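Here is what each chain is made of, one letter per residue.
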Amino acid sequence: MPHIRPLCTLAAAVVALACTQGHAEGPVDPATLYEVSTAGSSTQLKTGGQGTFVLTIKSKPGAHVSDEAPLKLELEGAQLSFPQKTLALKDSVAKKAEGQAFVDPRFEVPFSATAAGKGTVEAKLTFFICTEQLCARQKKTFSVPVEVL
């Protein structure tokens, strides 16, 4: 019966491997639970003209942006002027639909061009992304170039 021992060893190795597969996944990186986009932001306008800075947070399945923890969006602009420089979740244009537990925030912030040249929108975003297992604070910065004619 020389063949039984190698089969038992192989079977034990397979069982051990199968048992550790569920635990092999490390902690989830919160940054993989969402995407942030500035698509739709104005990138060219005339001096004195109006533009819009757009920022959208899109959570992935199983995650959501906390509506209980603070969310803060701070804006500054080179050669640009903002009527509102600090925004919170309540300023999001995306609203919950009936029966919807969470909504992905979307901000549409107007700005005006104060002088011709190369301007930029500088944005600092702080929010919490959550799942059933975690709720993690996230800080992101964005720079969107704006050509002012």
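Residues numbered from 1 in each chain as written. Predicted model: local features only at pLDDT ≥ 70, side-chain atom pairs only at ≥ 80, totals over all residues. Heavy atoms only, no water.

Per an unreviewed UniProt entry, the chain carries the name Thiol:disulfide interchange protein DsbD N-terminal domain-containing protein and comes from Cystobacter fuscus.

When you line up the elements, Val 28 lands in the loop between α1 (4-24) and β1 (34-37). The class of Val 28 is partly exposed, set by a relative accessible area of 46%. Measuring from C-alpha to C-alpha, the distance between Val 28 and Gln 133 comes to 9.4 Å, with 105 residues separating the pair along the chain. When near neighbours in sequence (up to four residues on either side) are disregarded, Val 28 contacts Leu 33 and Leu 134. (Helix = DSSP H or I, 4+ residues; strand = E, 2+ residues; numbered from the N terminus. Buried < 20%, exposed > 50% of the residue type's maximum accessible area, 1.4 Å probe, protein only. Contact = heavy atoms within 4.5 Å.)

One non-glycine residue, Gln 79, lies in the positive phi region at around 65°. The residue Gln 79 is located in the loop between β5 (72-78) and β6 (80-81) in this model. The class of Gln 79 is partly exposed, set by a relative accessible area of 30%.

Attention shifts here to the sheet that holds strand β8 (residues 106-113). As summarised here, the arrangement of the four strands in space is β1-β3-β8-β6, forming an open sheet in which the pairing is antiparallel. Each edge of the open sheet carries a strand with a single partner, namely β1 and β6. (Pairing = 2+ DSSP bridges.)

Our focus in this paragraph is the state of the cysteines. For the coordinates displayed, the defined rule picks out one disulfide. A disulfide bridge connects Cys 130 with Cys 135, and the sulfur atoms are separated by 1.8 Å. Residue Cys 130 is classed as buried on the basis of its relative accessible area of 5%. Cys 135 sits in the partly exposed class, given a relative accessible area of 46%. (Disulfide = S-S within 2.5 Å.)

Quick look at the packing of aromatic side chains now. Here the structure, examined in full by the defined rule, presents two aromatic pairs. Aromatic pair Tyr 34 and Phe 127: ring centres 5.0 Å apart, planes at 85°, arrangement edge-to-face. Of this pair, Tyr 34 sits in strand β1 while Phe 127 sits in strand β9 (residues 117-130), and the two are 93 residues apart along the sequence. Residue Phe 127 is classed as buried on the basis of its relative accessible area, which comes to 0%. Ring plane angle 50° and centroid distance 5.6 Å describe the contact between Phe 82 and Phe 111, whose orientation is recorded as tilted. Taken as a pair, Phe 82 in the loop between β6 and β7 (86-88) and Phe 111 in strand β8 lie far apart in primary sequence, 29 residues in all. A relative accessible area of 6% means that Phe 82 is categorised as buried. For Phe 111, a relative accessible area of 1% puts it in the buried group. (Phe/Tyr/Trp six-rings, centres within 6.5 Å; stacked < 30°, edge-to-face > 60°.)

A general tendency of soluble globular proteins is for nonpolar side chains to be buried together. Ranked by size, the top nonpolar core spans 27 residues in total, and within it Leu 75 and Val 121 carry the most contacts. Broken down by element, the residue count for this core peaks at five residues, all from β9. (Core = buried A, V, L, I, M, F, W, Y, C linked by side-chain atoms within 4.5 Å.)

Where strand β3 (residues 50-59) lies against β8, seven bridges are found, and the strand directions are antiparallel. By the bridge assignment for β8, Val 54 is matched with Glu 108. Where β6 and β8 come together, two bridges link them in antiparallel fashion. By the bridge assignment for β8, Ser 81 is matched with Ser 112.

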